[in-house]
Amino acid sequence: MENIIISLCLAAILAFLFLKPLLKRTTATRLNLPPSPWRLPVIGNLHQLSLHPHRSLGALSLRYGPLMLLHFGRVPVLVVSSADVAHDVMKTHDLKFANRPKTKAVNIFTNGGRDVAFASYGVYWRQMKSVCTVHLLSKKMVKSYEKVREEEIKEMMDKVEKGSSSSLSVNLSEIIVDMTNNVICRIAIGRKYSGEGNTWDFEKHLRKVMEYLGAFPVGDYIPSLAWIDKIRSVDRNMEEVNKAFVEFLDRVIQEHVDEGKNKETLDIVDMLLRIQREKTNGLELDRSDIRAVILDIFAAGTSTTFTAIDWVMALLIRHPNCMKNLQDEIRTYSRHKLYTSEEEVDNMEYLKAVVKEALRLHPPIPMLVPRQLSEDVKLKGYDIAAGTQVIINAWPIHRDTTTWGPDAEEFKPERHLDLPLDFQGQDFKYIPFGSGRRLCPGIELASTLIEVTLANLVNQFNWRVETRPSGDDDEYYLAETTGIEVSQMSNGPIRTQTGQPAAVSLCRRIRRVGPLWAAVSKSSALTRTAWYWPLCGSARRLNCFMLKLIHQSVCL
Ligand code: HEM
């Protein structure tokens, strides 16, 4: 009798194991899944991504529609490529799509998502987001940092001035990067760490953190290849970088504690310490939470902002008529020759249109920050399972001819003059800062800094292309770059593939004419990635994201 029972049990287990995949397949076939491009075993659809994934996903969407289901390794990824579907995701079902996926790097650097950008949707994130929008990055707070912006922009203008009055070249992108870093640094931690006299190389460490946050975590997406991360000692290296950063931020926080509460101008660390003392919003912060928020401010605020300024300058130089219109406007409103103030910038409608148009064509985070679905949902009749990662690809949305007209690919700031579009993501055809619950809280800070910087650069200098080697087209000069350096802030494959902050290579020779002289501009991204190009070139030819992964594996 016992033998019979054991045999029956064994038979049942075997039958279950045998039937399980079949059952699964039957259930899956009953689900109405979104269209998917063909995929390979193990890597899924990764081979279909080029070095500009926002472009390759945009091209795939022309074939498979605005809602596609891909697989990055074994992780299902939903790709949204139209304003209509973006509306359903970020408005109708925003709550279900309000989570973020977390990679190993995110867990290490943000202490398991104790920041804002990667925190899981829930009470803690809600409190943090509210602290960010109401206290740290509110209109009033941004206004209180006006002096910081003015000082740093004046310093930037001095550098351009010096460069332009000598025959030496000026790296405009580098100057913009320095200015942006300095502004964000002073706002966040009260002082800047660039230049001489700094024993700790803050920028180098921050870049390292962002490289890890932006790198493709092979093991997270293709567990069978997790050994690659082990061989590369990725975990150990990340822990070491994190340790150095933690020590630095701890020192900064302790200095703030020692300085006391009665400072005249408060930076973000001061504000966070006050929130910790007063338990604002019922929030109980410990030191590691404060560190995570500060890291967010740096990671989310620096490269995005400088990339935007870089693109606007590049587009203006390519469109002399727009440059002239803008200069006319700025010179009408700007009373002082040496500095155009934020109050004056407030009146400049054409300047705002120029910035909006540049962010439409070149959103610094073209695929936004990935989201993760927290429960099953039906979207446009398709079944999407909980846990699916979600990419909202702003790139094709911003260039859709059905919503933007046949000239959607052209740089035409005028189109914004009569359009009631803002950065708040209310109209889903224009979402450079995202939308809904996860909307970027840094809009006020970023747009103010971008506008006042441009007003000054454009007001005081006339920019034009000086030389142009024959036989090269515009793309050669004005290409998006991707790669580790420009995907620093991103998380997960989406980020790395997106090459989020799509920095521009401003490698034209630019001359300031009129009373002052020549400035030569060269992209920092290009400078930093000079050694990287041969591989990028071949990767581009093969349209192969895998090559980038291999390169990243070797270099990180
Ligand atoms: C041109 C500059 C910037 C652009 C284009 C940009 C864009 C974005 C985008 C697309 C998102 C994701 C939104 C979504 O998921 O719907 C985001 C999130 C975020 N941004 Fe920005 N951003 C910029 C500047 C800044 C600045 C200056 C800060 C702060 C100092 C900042 C802080 C954040 C934070 C904390 C989040 C996460 C919000 C959340 O998950 O709830 N950003 N940003």
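Residues numbered from 1 in each chain as written. Predicted model: local features only at pLDDT ≥ 70, side-chain atom pairs only at ≥ 80, totals over all residues.

K.L.:
Before we go on, may I ask you to explain the overall build of the chain in this structure?
P.N.:
Helix and strand content of the chain: 25 helices and nine strands. Taking all 556 residues of the chain together, 48% fall into the buried category. Sequence separation of 24 or more characterises 73% of the internal contacts of the chain that already satisfy a separation of 6 or more. (Helix = DSSP H or I, 4+ residues; strand = E, 2+ residues; numbered from the N terminus. Buried ≥ 20, exposed ≤ 12 C-beta atoms within 10 Å, placed from the backbone. Contact = placed C-beta atoms within 7 Å.)

K.L.:
What am I meant to see in unusual backbone geometry here?
P.N.:
Among all residues save glycine, negative phi is the norm, and among peptide bonds the norm is trans. The phi dihedral of Lys279 is positive, around 50°, even though this residue is not glycine. Its location among the elements puts Lys279 in the loop between α13 (268-278) and α14 (287-318). The phi torsion at Leu368 lies on the positive side, around 50°, for a residue other than glycine. The topology assignment puts Leu368 in the loop between α17 (349-361) and β3 (371-372).

K.L.:
It is not clear to me how the site of the ligand should be interpreted in this structure. Could you clarify?
P.N.:
As a structural note, the neighbourhood of the ligand is formed by 26 residues, with Ala300, Gly301, Gly434, Cys440 and Gly442 the closest of them. The set of elements that each furnish at least two residues to the shell around the ligand consists of α14 and α20 (443-460). The greatest single-element share of the shell around the ligand, amounting to seven residues, is contributed by α14. Its residues assigned to classes, the shell around the ligand shows 17 nonpolar, six polar and three charged. (Near = placed C-beta within 6 Å. Nonpolar A, V, L, I, M, F, W, Y, C, P; charged D, E, K, R; others polar.)

K.L.:
What should I look at first to understand the pairing of strand β2 (residues 75-80) in this one?
P.N.:
In this sheet, β2 lies alongside strand β1 (residues 67-72) in antiparallel orientation, the contact comprising six bridges. The partner of Leu70 across the bridge, within β2, is Val77. Hairpin remark: β1 followed by β2, antiparallel, with two residues in the connecting loop; positive phi at Gly73, about 65°. Here four bridges tie β2 to strand β6 (residues 389-392), and the two strands are oriented parallel to one another. Of the residues in β6, the one forming a bridge with Leu78 is Val390. (Pairing = 2+ DSSP bridges.)

K.L.:
I tried to follow α14 on my own but got confused; where do I start?
P.N.:
Side chains of residues three or four places apart in an α-helix project in the same direction, reflecting 3.6 residues per turn. In this model α14 runs 47 Å from its N-terminal to its C-terminal C-alpha over 32 residues, within 8% of the 46 Å that 1.5 Å per residue would give. The buried fraction of α14 is high, at 29 of 32 residues. (Expected span 1.5 Å × (residues − 1).)

K.L.:
Hey, could you run me through the packing of helix α15 (residues 320-333) against α20 in this one?
P.N.:
Packed helix pairs are specified by the crossing angle of their axes together with the interaxial distance, meaning the distance between the axes. Direction vectors running N to C along α15 and α20 enclose 100°, while the axes themselves pass 9 Å from each other. Considering the angle they form, α15 stands roughly perpendicular to α20. Across the interface between the two elements, Met323, Leu326, Gln327, Ile330 and Arg331 of α15 pack against Ala455, Val458 and Asn459 of α20. Its residues assigned to classes, the contact of α15 with α20 shows five nonpolar, two polar and one charged. (Axes fitted to C-alpha atoms, helices over the stretch in contact; angles between N-to-C directions. Parallel < 35°, antiparallel > 145°, perpendicular 65-115°, else oblique.)

K.L.:
What is the right way to read the UniProt feature "binding site: heme" (unreviewed entry) in the chain from this model?
P.N.:
The sites that UniProt annotates as "binding site: heme" (unreviewed entry) are Cys440. Cys440 sits in the buried class, given 25 other C-beta atoms within 10 Å. The contact partners of Cys440, leaving out residues within four places of it in the chain, are Phe433 and Gly434. (UniProt positions renumbered as here; feature names shortened; annotations may be inferred.)

K.L.:
How should the sheet that holds β1 be read in this particular structure?
P.N.:
Within the open sheet, the four strands sit side by side as β1-β2-β6-β3. Their pairing is mixed. The open sheet has two edge strands, β1 and β3, and neither has a second partner. Helix α2 (residues 53-64) contacts β1, β2 and β6 of the sheet and is inclined by roughly 130° relative to β1. Contacting β1, β2 and β6, helix α3 (residues 83-92) runs over the sheet at an angle of about 130° to β6.

K.L.:
Looking at this structure, I do not really get the packing of helix α9 (residues 202-214) against helix α12 (residues 234-259). What am I missing?
P.N.:
For the pair α9 and α12, interaxial distance at closest approach is 10 Å and the crossing angle is 135°. With respect to α12, the element α9 is oriented oblique. The handedness of the crossing between α9 and α12 comes out as left-handed. Here His205, Lys208, Val209 and Tyr212 of α9 come into contact with α12, specifically with Met238, Val241, Ala244, Phe245 and Phe248. (Left-handed = near helix turned anticlockwise from the far one by under 90°.)

K.L.:
Would you mind showing me how to read the confidence of the model for the chain here?
P.N.:
Predicted coordinates in areas of low pLDDT are best not read in detail. A residue-level look at the chain finds 76% of positions with pLDDT of 70 or above and a mean pLDDT of 80. Segment residues 482-556 is flagged for pLDDT under 50; beyond a separation of four residues in sequence, or across chains, it makes 217 contacts in the model. Confidence metrics for the complex model read pTM 0.83 and ipTM 0.99. (pLDDT = per-residue confidence, 0-100.)

K.L.:
Would you explain the environment of Phe97 in this entry?
P.N.:
Structurally, Phe97 is set in the loop between α3 and α4 (104-109). Overall, the presence of 28 C-beta atoms within 10 Å leaves Phe97 in the buried class. Expressed as a C-alpha distance, the spacing of Phe97 and His71, which sit 26 residues apart in the sequence, is 18 Å. For Phe97, the residues in contact, after removing those within four places along its chain, are Val89, Met90, Arg371, Leu373 and Val390.

K.L.:
What's the story with the environment of Thr340 in this structure? I'm lost.
P.N.:
By the secondary structure assignment, Thr340 is in the loop between α15 and α16 (342-345). Each C-alpha atom of the pair Thr340 and Asn181 lies 21 Å from the other, and the pair is 159 residues apart in sequence. Thr340 has contacts with Ile330, Ser334, Val345, Val452, Ala455, Asn456 and Asn459, leaving out every residue within four places of it along the chain.

K.L.:
What's the story with the environment of Glu444 in this structure? I'm lost.
P.N.:
One can find Glu444 in helix α20. As a C-alpha pair, Glu444 and Pro34 span 410 residues in sequence and 37 Å in three-dimensional space.

K.L.:
What should I look at first to understand helix α7 (residues 146-164) in this one?
P.N.:
With 19 residues, α7 ought to run about 27 Å at 1.5 Å a step, and its terminal C-alpha atoms sit 27 Å apart, in line with that. Within α7, burial applies to Val148, Arg149, Glu152, Ile153, Met156, Met157, Val160, Gly163 and Ser164. The buried side chains of α7 occupy one side of the element, clustering within an arc of 160° when seen end-on. Those residues of α7 that are exposed and angled more than 90 degrees off the buried face are Lys147, Asp158 and Lys162. (Arc of directions from axis to C-beta.)

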